[in-house]
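Breakdown of the fold
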Amino acid sequence: MKTIEVDEELYRYIASHTQHIGESASDILRRMLKFTAGQSAPVKTTPVVAGSPAVAEKEESRPQDRVRAVREMLLSDEYAEQNKAVSRFMLILSTLYRLDPKAFADATASLQGRTRVYFAGDQQTLLQHGTHTKPKHVPGTPYWVITNTNTGRKGSMIEHIMQSMQFPQELTDKVCGTI
């Protein structure tokens, strides 16, 4: 067994995920990383940064990775902590954009209502197409989205985007059901 040093903040984070008394840090990390005994560790040849073109290319070429990323987002503490539909909506949009910016752009370009534009590259465009749209910037993206729609409409927008991005219908339904 090897010993590693971690700072106090990281140690507290790992310890906060303890599920039962006596659980070792190795057991906690294995569970968090979904790493089983005997599994070989993946070898990375080049460092990549989330949201970088290299990550987007890799995830775009492997649909199962995109599905896994969405499932992990649904199970994440960050998602569970969102207590408002609009917060969950924004986190889902950010995740979908990060997974495939081009497909996200294509999906949102065709998404609009009878009189409203739902997505735009700036706040002003959305304000010009409705008086009380409450536009918000989608974190980590160049997009703005209107947020004063009801939860059902938010779900319809997510459903349209995920179908355009060719996610499985089962996952799309699950995501829309959590908004």
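No experiment lies behind these values; they were computed from the predicted model shown.

It is worth spelling out the overall build of the chain at this point. When you go through the chain residue by residue, the secondary structure sums to ten helices and three strands. Starting at the N terminus and ending at the C terminus, the chain contains elements arranged as α-α-α-α-α-α-α-β-α-β-β-α-α. The burial tally for the chain puts 36% of its 179 residues in the buried class. Total accessible area on the chain is roughly 11800 Å²; 52% of this is exposed by carbon and sulfur atoms.

With respect to the secondary-structure elements, Tyr118 resides in the loop between helix H7 (101-109) and strand E1 (119-120). The spacing of Tyr118 and Pro135 is 17 residues in sequence and 8.8 Å in space, taken between C-alpha atoms. Non-local contacts of Tyr118, meaning those with residues more than four positions away in its chain, are made with Leu111, Gln112, Gly113, Leu126, Trp144, Val145, Ile146, Thr149, Arg153 and Met157. In terms of polar contacts, Tyr118 uses its side chain to reach the side chain of Arg153, at 3.5 Å.

Moving on: the confidence of the model for the chain. Taken as a whole, the chain shows an average pLDDT of 81; of its residues, 83% reach a score of 70 or greater. Counting contacts from residues 43-52, a segment whose pLDDT is below 50, to residues more than four positions away or on other chains yields five contacts. Low pLDDT (under 50) marks residues 54-61, which in the prediction has twelve contacts with non-local residues, meaning those over four places away or in another chain.

Rules and cut-offs
- Residues numbered from 1 in each chain as written.
- Predicted model: local features only at pLDDT ≥ 70, side-chain atom pairs only at ≥ 80, totals over all residues.
- Heavy atoms only, no water.
- Helix = DSSP H or I, 4+ residues; strand = E, 2+ residues; numbered from the N terminus.
- Buried < 20%, exposed > 50% of the residue type's maximum accessible area, 1.4 Å probe, protein only.
- Areas by Shrake-Rupley, 256 points an atom, 1.4 Å probe, with all protein chains shown as cover.
- Contact = heavy atoms within 4.5 Å.
- Polar contact = N/O pair within 3.5 Å; in protein donor to acceptor, adjacent residues only side chain to side chain.
- pLDDT = per-residue confidence, 0-100.

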